[in-house]
Amino acid sequence: MIITIIRKELHMLFISPLAWLLLALVQLVLAWVFLVRLDAFLEIQSQLLQIANPPGVTEIIVTPVFAVAAIVLLMITPLLSMRLIAEERRNRTLTLLISAPVSMTDIVLGKFLGLMVFFSAIISLIIALCLSLRTGGMMDFGLLLSNTIGLLLTVASFSALGLYISSLTAQPAIAAAGTLGVLLGLWLIDLAASATQSWLHYFSLLKHFDHFNQGLIDTLSTAYFILFTVTFLVLTIRRLDGERLHG
Amino acid sequence: MLDETAALTLSAQNLTRHYGEVVAVHQFDLQLRRGEVLGLLGPNGAGKSTTLRMLTGNLAPSSGGVEICGIDLLDKPQEAKAHVGFLPEIPPLYFDMTVNEYLLLAARLHRVPKEALKAALENVKQRCGLEQHSNNLIGTLSKGYQQRVGIAQAIIHNPDVIILDEPTVGLDPNQMREIRQLIRELGTTSSVILSTHILPEVENVCDRVQIMHQGSIVFDQPMIDLRQQNTSLESVFTQLTQ
């Protein structure tokens, strides 16, 4: 049943030009960053040879590309998540799913996983971009792996939050604005508390992604991402169930 | 004549629904047998749509229970919902899908087995007169055809209970006649609940009629009795709901 809903979500996504446009734009931005970093690397390559234990090509090019990717995905998540439930509610199509022999959990997980499949496509394109470096030399696959895992976990958190906010309203635009607001807030917490070892850091999604970005698969950060995602998925299911009970 | 021994497909006991202080539906009882077409009438705001949403699991009742083919809707919602087809007041259509895509989605959601998908799709399109529009986007169809897609969605899995909320709204007289014909056909194999404002439609199609007013049932009789008493549905309706 979840598969049916994932398929439906992907279908809905790819028949609209939005998904294709976003795929193209993300790829354009990241390819640009990639090229700029590659340029910088080639410029300083001779100097790098003179230091003992120099940073490798992965650290100089791949790490920044993933850091930018996290921010770009933060920006586009609201555009993709806004319609998930809000639009169905507005068009009264949620009734089709609820009347069908499908549990609320299946509906919410299907929608979440559908979005994650789309993001996985974007992330695999980023990986492909980075793997093109293999033609010129050796790569640090461990660092690439930790970045990939980190980005997937970060995006899962973004999506779960977007899905929840989408379930609160019948207006996709409000869902998008709300999601963007909260995600930016969670990012800015990091800047606001940058000076100190403040506990506020624990709430910043991008701060946790930083660990992965630097090649550290941190248990605390992993747990935070998973808890964040699960919490908002459960809240979404409860919200939709509550509507059936009280609405 | 209705067979009293036919299997009970839907039974609701004491369904009550509050919205805050307001009582939308009060003590709604219903026993529906296979092969029965029930007309549910009532003025606007009588609680018809709320009742239908409760019968299909879209809304939880404040108290009371629903059984569909002997399966409790609240205990085992998924098993019970598999036996129901529902066309809400506003058809739940995805305007960006073609008729085929949409109906296949509806069939998959309602657990039609993979081998049977194609046959179910062809059958339902033929029944609802949609063959010519298989690959049209739903958003580009006229209101009448959209309504047919909505009905097709509700019957594609051959449900035992079919619940149609104002299915003939926005149709032209020819289409209305076709849809009534279709409902009568459906009524031979399944139970149908038809909510409507059009009294001749009920006189035409239904075996039994219930009238709701302010959340309660105020009238429940087989059509055949009405005909024997030679009373018109309209006079009963006006008398009870004014």
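The coordinates are above.
If you're wondering where the values come from, they're calculated on a predicted model, not measured in any experiment.

Asker: Just checking my understanding: could you explain helix α1 (residues 48–55) of chain B for this structure?
Answerer: Owing to its 3.6 residues per turn, the α-helix brings residues three or four apart onto one side. Residues and elements named next belong to chain B. Among the 8 residues in α1, 6 count as buried, and that is most of the element. All of the buried residues in α1 are K48, T50, T51, L52, M54 and L55. Immediately downstream of α1, the backbone of G57 shows phi near 80°, a positive value.

Asker: What's the story with the sheet that holds strand β2 (residues 22–33) of chain B in this structure? I'm lost.
Answerer: Strand pairing within a sheet occurs via backbone hydrogen bonds; the two strands may be parallel or antiparallel. All names here are of chain B. One open sheet accounts for 4 strands, arranged β2-β1-β4-β5; its pairing is antiparallel. Single-partner strands in this sheet number two, and they are β2 and β5 (71–72). In terms of strand pairing, strand β4 (residues 63–68) meets β5 through 2 bridges, oriented antiparallel. Residue pairing across strands places E67 opposite D72, the latter belonging to β5.

Asker: Looking at this model, I keep getting lost on the interface of chain B and chain A. Mind explaining?
Answerer: Put simply, an interface is often sized by how much accessible area is lost when its parts join up. Taken residue by residue, the interface counts 26 residues in chain B and 25 residues in chain A. For the pair chain B and chain A, the number of links is 0 salt bridges. There are 8 residue pairs in polar contact (both at pLDDT 80 or more) connecting chain B and chain A. Listing elements by their share of the side of chain B that touches chain A, those giving two or more residues are β1 (8–19), α2 (77–81) and α3 (99–109) of chain B. Sort the elements by how many residues they give to the side of chain B that touches chain A and α3 of chain B lands first, with 5 residues. Partitioning the side of chain B that touches chain A into residue classes produces 14 nonpolar, 6 polar and 6 charged.

Asker: Could you clarify how one ought to interpret the pairing of strand β8 (residues 191–195) of chain B in this entry?
Answerer: Two faces, one strand: in a regular strand the side chains alternate between the faces of the sheet. Residues and elements named next belong to chain B. The element β8 is largely enclosed, with a buried count of 5 among its 5 residues. Side chains S191, I193 and S195 project from β8 onto one buried face, and the interleaved V192 and L194 project onto a second face that is buried too. With 4 bridges joining them, strand β3 (residues 37–41) and β8 adopt parallel strand pairing. Bridging from a neighbouring strand, G39 pairs with L194 of β8. Pairing geometry for strand β7 (residues 161–165) and β8, over 5 bridges, is parallel. Counted as the bridge partner of I163 is I193 from β8. Assessed by its sense of winding, the connection that carries the chain from β7 through helix α6 (residues 173–189) to β8 is right-handed.

Reading guide: rules and limits
Residues numbered from 1 in each chain as written. Chains lettered and ligands numbered in written order. Predicted model: local features only at pLDDT ≥ 70, side-chain atom pairs only at ≥ 80, totals over all residues. Heavy atoms only, no water. Buried < 20%, exposed > 50% of the residue type's maximum accessible area, 1.4 Å probe, protein only. Helix = DSSP H or I, 4+ residues; strand = E, 2+ residues; numbered from the N terminus. Pairing = 2+ DSSP bridges. Contact = heavy atoms within 4.5 Å. Salt bridge = Lys/Arg side-chain N within 4 Å of Asp/Glu carboxyl O. Polar contact = N/O pair within 3.5 Å; in protein donor to acceptor, adjacent residues only side chain to side chain. Nonpolar A, V, L, I, M, F, W, Y, C, P; charged D, E, K, R; others polar. Right-handed = clockwise from strand over helix to strand, strands pointing away.

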